[in-house]
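Fold and contact review
The primary structure of each chain is shown beneath.
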Amino acid sequence: MYSDDDQYEDEYSYGTGDPALDRMEFAVPDQVKKFLCYFQDMIKEKNVYELNTLYETSFPKLTDQFFKTCAWPEAEEIMPYIKPDDPIFIYLYKELGFRHIYARVQGGPTVEQRMNSYYNYCQIFNYILSAETPVNLELPNQWLWEIIDEFIYQFQAFSQYRAKLHKKSDEELEYLKSNPKVWNVHSVLNVLHSLVEKSNINKQLEVYNNQGTPDQVAGEFGRHSLYKMLGYFSLVGLLRLHSLLGDYYQSIKVLENIELNKKSLYSRVPGCQITTYYYVGFAYMMMRRYADAIRTFSSILLYVQRTKQMFQTKSYQNDLINKQTDQMYVLLSICLVLHPQRIDESLHTTLREKQYSEKMNKMQRGELAEFEACFIFACPKFLSAVPPTFDLMIAETETHKEPLKLQLKVFMEEVQQQLMLPTIRSYLKLYTTMPLEKMAGFMEMPPEEFRNHLLAFKHKMRNVVWTKGTSGLEGEFQSGSEVDFYIDRTMIHIADTKVARRYGDFFIRQIHKFDELNRSEERRVGKECRSRWS
C-alpha cells in the first residue's frame, strides 16, 4: 500500500559519479519514485478505487511538495524507476505532466511543449481507438472526464496562442508555419466523433431513455466502461467545441439523446455536469430561448448550492467550477433582465447580493456598457475554426479577439432591439386600458413608432420553450411576459397574467432545512457525549 506520509532514512546520497545519472537521481525524489511504481501497478491491476485516490489526492499532494512551480520530471528521467515496456503508463504520465505545466508553471508551456502534448494525446487516443478488441485499461471517471476536458482546453489555448503575434520569436513563428496540422480543429473533432462512434453511446442513451438495457446495443467496445464513459464525455466535449466555434444549434443537437431534465447514471462527475449546463444554457441564451436558458442555469446553480462543500478544496478543476458558477450567475442575470420571470427563492436571494444586483440594476436601466462587460466576463473563449495567415498578420493585429467581437456584436444587436421593452412593460403594468397615442406621448415618440415597439414586445416575449422529449431543441412557442395586451384600433387593452407568489412552498422548504440542521446538531452532540463516557 502506498502512503503519502512514507519517510525515507536514506534521504541523502553521495552520487554515482556520473553527472547525467546524478541529475536524474536529484530530479526524481524517492517519494515520487515509490508513488510512480505503485501508480503503475494500480493501472496494471485496474484497481479503479485506489487509482482514484492516487489521482485526486496523492498526485496533487506530491505536486505541491516537490513540483509546485516547476514541471514534473521528463518521461526519460523516470524510466529507470518503473517497469519497462508499458507505453500507456508513459502516455498517461505525460498527460498529467503537460496538464500541470499548463496549470501551474509560470509562463505556461513553450511552443514545443504544446506540440508534444498534442502528439501525446494522439498516442493515447490511437492506443484506445485503433485496438481490434477493447484495451486492457480502466481509469476513474473523473480522470477520463478531465482527459477530454483538458484535450479541448489545450486546443482552445493553442488556437488563441497561435493567433497572437505579440512577443513571438522568428523561430516560434517558423515552428507554427511548418506544423499547420497540429491542434487542427478537424483532428480534434475527429477524435471526439470517433470515441462517440466506437462506444455506440448514442444508441445506448436512446435505449436507456426508453427504459431498455443499454448493453443490448452497446457492442463489444460500448460494454467496456472506459469506452462508454469516454463516448459520453466526448458528447459533452462536442457541445463545448461547437459552442466555442459559435454553432449553437449543433452544440445542443449533439446532446439530443441526453435528457438534461432528469438525473442520469452518467452524470456523476460534477465538473462534467456543470460544464454541460453552462454551455447548454449559454447556447439557449444566444438562440434567444431565454426561458430554457433560465431553467438550465437555475437547475445547475441549485445543484452547486446543495453540493458546494465538494468544491471548497483548492484544485485547478474546482477553481474552474467556481469561476463557471460566477459566470452562470451573471448569465442568469442577463437572461432575467431580457426576459423577467420568477426563479427559485434561494437563487433570487443570491442575485440580490451587491455584486449581482448592481449589474442587474445597470442593465435594467439600459446601460449598454454593462451588458457588454457582463457578456465578456461570462462568455466562453470563442475560437476561429480557421488558423491565421501569418504572412498577412502584423504584430498589432488582434486576430484572437475577432471571434469574441463577432459574438458580442450579435448579442448586442439583440440587446439594442430590446432596450425599450422594460420601460414599455412598466407602463403596461399600470393600466388596464390606455389610448395608444397617450402612451406614445409618455414614451416621447410618434404613435406609429410606438406601435412598432409594442409589436417588438410581443415578438421578443414569445420564445420556443422546451416542454417534453429528450432533445433540447424540441419545444413550443410560449409567451413569457407577465403582462399581455392587444390593440383594438387606437386603444390598448392590457391583462396582467402574473401568478401570485406562493409563500407556502418557501416556508415549507425553510422548515425542512431547519429540521435537518436540528437533527445533524443532535447527532453531533450525541457523538460528543458518547466519546466522553467511553
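The next point concerns the overall build of the protein chain. Along the protein chain, the regular secondary structure elements total 24 helices and five strands. Looking at the 534 residues of the protein chain, the share that counts as buried comes to 47%. Of all intrachain contacts in the protein chain linking residues separated by at least 6 positions in sequence, the fraction that spans at least 24 positions is 73%. Per element, the accessible surface of the protein chain, about 28,600 Å² overall, is 52% carbon and sulfur.

With that settled, consider unusual backbone geometry. A positive phi angle is found at R288, which is not glycine, with a value near 65°. On the secondary structure map, R288 appears in the loop between α14 (270-286) and α15 (290-306). By relative accessible area, R288 is classed as buried at 18%. Residue E444 is not a glycine yet carries a positive backbone phi of 60°. Judged by its relative accessible area of 72%, E444 falls in the exposed class.

Inspection of the secondary structure puts T276 in helix α14. The sequence separation of T276 and L255 amounts to 21 residues, and the corresponding C-alpha distance is 9.4 Å. Excluding anything up to four places from it in sequence, T276 contacts V236, L239, L255 and L260. Here the side chain of T276 touches C272 through a polar contact of 2.7 Å, landing on its backbone oxygen.

It is worth spelling out the packing of helix α5 (residues 87-104) against helix α6 (residues 111-129) at this point. Where α5 contacts α6, the two axes come as close as 10 Å, and the packing angle between them is 145°. As for how α5 packs across α6, the hand of that crossing is left-handed. Of α6, the residues touching α5 (which contributes I88, Y91, K94, E95, F98, I101 and Y102) are Q113, R114, N116, S117, N120, Y121, Q123, I124 and Y127. Taken together, the residues of the contact of α5 with α6 sort by class into eight nonpolar, five polar and three charged.

Turning to the pattern of salt bridges, a few remarks are in order. Under the criterion given, the structure shown has 15 salt bridges. Note that K33 is salt-bridged to D30, the shortest N-O span being 3.1 Å. Linking K33 with D30, this pair stays in helix α2 (residues 30-45), spanning three residues, or about one helical turn. Here R289 ties to D292 by a salt bridge, and the two come within 2.8 Å at their closest N and O atoms. R289 gets classed as buried once you look at its relative accessible area, which sits at 5%.

The subject of this paragraph is the packing of aromatic side chains. Throughout the structure, instances matching the rule amount to 30 aromatic pairs. Judged by centre distance (5.2 Å) and plane angle (35°), the ring pair of Y329 and Y356 falls under tilted. On the criterion of sequence distance, the pair formed by Y329 in helix α16 (residues 316-338) and Y356 in helix α18 (residues 354-364) is long-range, its members being 27 residues apart. Taken as a pair, Y329 and Y356 share a single burial class, namely buried. Ring pairs connect the aromatic residues F35, F39, Y55, F59, F66, F67, W72, F89, Y93 and W143, which therefore count as one cluster.

The next subject is the packing of helix α19 (residues 368-378) against helix α20 (residues 402-417). Remark: α19 packs on α20, axes separated minimally by 11 Å, with the N-to-C direction vectors making an angle of 140°. As far as their axial angle goes, α20 and α19 are oblique. As for the relative orientation of α19 and α20, their crossing is right-handed in sense. Contact with α19, carried on its side by L368, F371, E372, F375 and I376, involves L404, Q407, L408, F411, M412, V415 and Q416 of α20 and no other residues of that element.

Summary statistics for the protein chain give a mean pLDDT of 82 and a share of 86% for residues scoring 70 or more. Considering only residues more than four positions removed or in separate chains, one finds that residues 7-25, a stretch of pLDDT under 50, has 16 contacts.

Attention now moves to α20. Over its 16 residues, α20 runs 23 Å from end to end, which matches the ideal 22 Å to within 8%, given 1.5 Å per residue. P403, Q407, L408, F411, M412, E414 and V415 are the residues of α20 that are buried. Along the axis of α20, the buried positions cluster into a sector of 155°, meaning they face one direction only.

Moving on, we come to the nonpolar core. Judged by nonpolar contacts, the single largest core of 128 residues is most densely connected at M285 and F411. With 12 residues, the single largest contributor to this core is helix α12 (residues 225-244). Apart from residues no more than four positions distant in its own chain, F411 is found in contact with M285, M286, I334, L338, F371 and F375. By size, the runner-up hydrophobic cluster in this structure holds 17 residues, among which are M434, M443, F457 and M461.

Looking now at the side chain of E95. Along the chain, E95 falls in helix α5. According to the relative accessible area criterion, E95 is buried, its value standing at 1%. If near-sequence neighbours (up to four positions away) are discounted, E95 is found in contact with N120, Y121, I124, W143, E146, I147 and E150.

Here we come to α14. Compared with the 24 Å implied by 1.5 Å per residue over 17 residues, the 24 Å span of α14 between its first and last C-alpha is a close match. Once α14 finishes, R288 follows within two positions and takes phi at roughly 65°, a positive value.

Of note, A218 is situated in helix α11 (residues 215-222). The buried category is assigned to A218, whose relative accessible area is 1%. For A218 and V207, which are 11 residues apart along the polypeptide, the C-alpha to C-alpha distance reads 9.8 Å. Not counting the four nearest positions on each side in its chain, A218 is found in contact with S199, N200, Q204 and R223.

Thresholds applied
Residues numbered from 1 in each chain as written. Predicted model: local features only at pLDDT ≥ 70, side-chain atom pairs only at ≥ 80, totals over all residues. Heavy atoms only, no water. Helix = DSSP H or I, 4+ residues; strand = E, 2+ residues; numbered from the N terminus. Buried < 20%, exposed > 50% of the residue type's maximum accessible area, 1.4 Å probe, protein only. Contact = heavy atoms within 4.5 Å. Areas by Shrake-Rupley, 256 points an atom, 1.4 Å probe, with all protein chains shown as cover. Polar contact = N/O pair within 3.5 Å; in protein donor to acceptor, adjacent residues only side chain to side chain. Axes fitted to C-alpha atoms, helices over the stretch in contact; angles between N-to-C directions. Left-handed = near helix turned anticlockwise from the far one by under 90°. Nonpolar A, V, L, I, M, F, W, Y, C, P; charged D, E, K, R; others polar. Salt bridge = Lys/Arg side-chain N within 4 Å of Asp/Glu carboxyl O. Phe/Tyr/Trp six-rings, centres within 6.5 Å; stacked < 30°, edge-to-face > 60°. Parallel < 35°, antiparallel > 145°, perpendicular 65-115°, else oblique. pLDDT = per-residue confidence, 0-100. Expected span 1.5 Å × (residues − 1). Arc of directions from axis to C-beta. Core = buried A, V, L, I, M, F, W, Y, C linked by side-chain atoms within 4.5 Å.

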